[in-house]
Each structure stands twice: as structure tokens, then as C-alpha cells.
There are 2 protein chains.
Amino acid sequence: MSVTNTAVTAQVTGPCGDDDCGIRDVLDRLGDRWSVLVVVELAKGVRRFRELERAIPGISQRMLTLTTKRLGRDGLVERTAHATIPPQVEYRLTDLGRSLAGLITQLADWSREHAPAIEAARTRWDST
Amino acid sequence: MSVTNTAVTAQVTGPCGDDDCGIRDVLDRLGDRWSVLVVVELAKGVRRFRELERAIPGISQRMLTLTTKRLGRDGLVERTAHATIPPQVEYRLTDLGRSLAGLITQLADWSREHAPAIEAARTRWDST
DNA sequence: CCGAATCCCAAGCGATACTG
DNA sequence: CAGTATCGCTTGGGATTCGG
């Protein structure tokens, strides 16, 4: 994924001077439709595959698999498979994942707190 | 910021028993590729269209227009057009936008702080 | 129950050209 | 400078099916 342009790489200042800071990394990891929801659900405790699926309405089996795998690769989620019949797989947040969950919770709080203000802004914007 | 703060996330449950909490709203608003970067840049001060474009490497004119428009509609960004020649349009965060920028900054900090840990986790995962 | 594999569509985004 | 309009690709992700 190159940026194609020749001059793009020209100036990329300090940690946050004019550039993107580390935010891009966070977005690449959590910007998809489900990762954050999985982290939030796991913040409540250990969950099995099926439990996650039921707890997150609308997620497909495929996306749950992909999402947990990515989160596992990034070291945010830990997977434990019990060789029972039927199979039983548990997912839990790592310490790393928990530290992130705290921040996400704040974002959720912000969203709930300011939802009315945003709604009002939209209504205002749409009516003009 | 400590990594092992398990107490923080102990009770995320609140109003979101099994459901999506307010996080979905946040994702729908900031989950795209550019919104967060624009907010971060505007957190540094007032910016003109061209300044934003130069400050955010890789963004296209089209996406900058779309993004600022959406953020404007949501009441996070304010637009001020001066009828000069050449035209001059200023963007700045609203109070609402600034309150969000603070949280985003924390996310960026988290990302920078834990980037090595994530990188290590990936290397570990890929090698097994 | 857990998950991999395949098919396929639509949204998101980039590139480019044009207007005021 | 600050947008708008159009086109085409790339990717996310839903539906379905098969395997362990």
C-alpha cells in the first residue's frame, strides 16, 4: 500500500508535529466494524465463541473468527481451546487488551453523554 | 499510564447488558480512514482547507471535503468561509470536538506506548 | 460447538478532470 | 484556493457450505 505520490514522503515531522501521531496504528487495528465490540464484551469477562456471537448482535461467524484472530495476533486477546466434545474455546483479554478496554470505555461514555448534542447538530445541519 | 490496571475495566457492563453500548455510534462517526486524523490536526488550532490537506499526507481533496462535511454535520467541526479572493475557509473544532480530541489523544498515547508490545506479539504469533 | 473456505455484492476510497 | 463530479478499483464483510 504505497502512497503513490513522490512528494508525500517529503516532510513527516516529529511524533506529532504535523503528522499522524500513533493514531493511524490504532485505527488500523480497531477501525473495523467489530474489533472494538469484541474487546468491550471481553472486558466483562471470559467468553466462549458462541457467547461472543450471541452477545454481539449482527456479527457473522466469519467476522467473529477473523476478529478474534487479529486481536489474538496483536496480543490483545488470548485464546484457550479445551479438547472436549463438543469443543470449547475461551477468549479473554490480555493485560494489554484490558489497558485498551479502559480507554474504549471512556469513548463509549463520551458517545452516550454527547449523543443528544450530536443529534441536535445533525438536525440543525439538515434543516438548513 | 500503567498496563495492568484490571480494576478500571472491571465494570463495563452498565447500560449495555448484552447490547452494543454507545460505542457503535462512535465507530460509525470516526471509524473511517480520515475523521480522526482531521480532528487531531484541528486540535492543534484553526486550519484552512489547504493546510489540512498538506498536514494529512495521503488524503485526497475529495475525502477531505467529505470528512470535514460529516464532522461539521455532527457538530464537531465549525466552518468559516471568508468571501475573499482567493477564497479562504477556516475549520476549527467546536467545544464538542475538543472534548473528543482529548480522548483521541489518549488513544494515540496508548498506541505509541504499546506499539512495541504489539509488534512483539505479532512476531511471536507469526513465528508459531 | 468451533471454525475454514468459497462466492459475491456494496461501501469506501483514490485518481482525475472540471467549476467558481 | 476551495470545492464538485465521475469513474473504477479495492476491500470489508454477509451468506452459505463444508470439515474437525
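Residues numbered from 1 in each chain as written. Chains lettered and ligands numbered in written order. Predicted model: local features only at pLDDT ≥ 70, side-chain atom pairs only at ≥ 80, totals over all residues. Heavy atoms only, no water.

With respect to spatial proximity, 20 residues lie near DNA strand D, and among them Arg-33 and Arg-62 of chain A together with Arg-50, Arg-79 and Tyr-91 of chain B are the closest. Sugar plus phosphate: this is where 61% of the atoms of DNA strand D within 4 Å of the protein reside. Here a phosphate oxygen of DNA strand D sits 3.1 Å away from a polar atom, N or O, in the side chain of Arg-48 of chain B. Here a base oxygen of DNA strand D and a side-chain polar atom of Gln-61 of chain B are 2.9 Å apart. Looking at the surface near DNA strand D, the elements with two or more residues in it are α4 (61-73) of chain A together with α3 (49-55), α4 (61-73) and β3 (88-93) of chain B. When residues of the surface near DNA strand D are assigned to their parent elements, the largest contribution, four residues, is made by α4 of chain B. When grouped by side-chain class, the residues that make up the surface near DNA strand D number eight nonpolar, four polar and eight charged. (Near = heavy atom within 4 Å. Polar contact = N/O pair within 3.5 Å; in protein donor to acceptor, adjacent residues only side chain to side chain. Helix = DSSP H or I, 4+ residues; strand = E, 2+ residues; numbered from the N terminus. Nonpolar A, V, L, I, M, F, W, Y, C, P; charged D, E, K, R; others polar.)

Residues in contact with DNA strand C amount to 22 residues; listed here are only the nearest, Phe-49, Thr-65, Arg-79 and Tyr-91 of chain A together with Arg-62 of chain B. Considering DNA strand C, the proportion of its atoms within 4 Å of the protein that are sugar or phosphate atoms stands at 64%. Lys-69 of chain A is positioned such that a nitrogen or oxygen atom in its side chain is 3.1 Å from a phosphate oxygen of DNA strand C. Contacts to DNA strand C include Tyr-91 of chain A, whose side-chain N or O atom sits 2.6 Å from a phosphate oxygen. Contributing elements (two or more residues each) for the surface near DNA strand C: α3 (49-55), α4 and β3 (88-93) of chain A together with α4 of chain B. Looking at the surface near DNA strand C, its residues break down into eight nonpolar, six polar and eight charged.

The next point concerns the packing of helix α2 (residues 35-42) of chain B against α4 of chain B. Residues and elements named next belong to chain B. The N-to-C vectors of α2 and α4 enclose an angle of 75°; their axes lie 10 Å apart at closest approach. Relative to α4, α2 is oriented roughly perpendicular. Touching Ser-35, Val-38 and Val-39 of α2 are Leu-64, Thr-67 and Leu-71, all from α4. Taken together, the residues that form the contact of α2 with α4 break down as four nonpolar, two polar and no charged. (Axes fitted to C-alpha atoms, helices over the stretch in contact; angles between N-to-C directions. Parallel < 35°, antiparallel > 145°, perpendicular 65-115°, else oblique. Contact = heavy atoms within 4.5 Å.)

Residue and element names in this part refer to chain B. On the basis of which strands lie adjacent, the open sheet formed by three strands has the order β1-β3-β2 and antiparallel pairing. Two strands in the sheet have a free side with no partner beyond their single neighbour: β1 (47-48) and β2 (77-82). Contacting β1, β2 and β3, α2 crosses the sheet at an angle of about 95° to β3. (Pairing = 2+ DSSP bridges.)

Another aspect to go through is the pattern of salt bridges. Under the definition given, this model contains 19 salt bridges over all chains. Residues Asp-126 of chain B and Arg-73 of chain A are paired through a salt bridge, measuring 2.6 Å at the closest nitrogen-oxygen approach. Here Asp-126 of chain B is found in helix α5 (residues 95-127), whereas its partner Arg-73 of chain A is found in helix α4 on a different chain. For Arg-92 of chain A, the salt bridge identified is with Glu-90 of chain A, shortest N-O distance 3.2 Å. Using a relative accessible area of 28% as the deciding quantity, one classes Arg-92 of chain A as partly exposed. Where salt bridges share partners, they join Arg-29 and Asp-74 of chain A together with Arg-122 of chain B into one cluster. (Salt bridge = Lys/Arg side-chain N within 4 Å of Asp/Glu carboxyl O. Buried < 20%, exposed > 50% of the residue type's maximum accessible area, 1.4 Å probe, protein only.)

Residue and element names in this part refer to chain A. A sheet is described by the order of its strands in space; here three strands give the open sequence β1-β3-β2, paired in antiparallel fashion. Taken across any chain shown, the strands that pair with only one partner, and hence form the sheet edges, are β1 (47-48) and β2 (77-82). Where β2 meets β3, six bridges bridge the pair, whose relative direction is antiparallel. Following the sheet pairing, Val-77 is matched in β3 by Leu-93. Against the sheet, helix α2 (residues 35-43) contacts β1, β2 and β3, and its axis sits at roughly 95° relative to β3.

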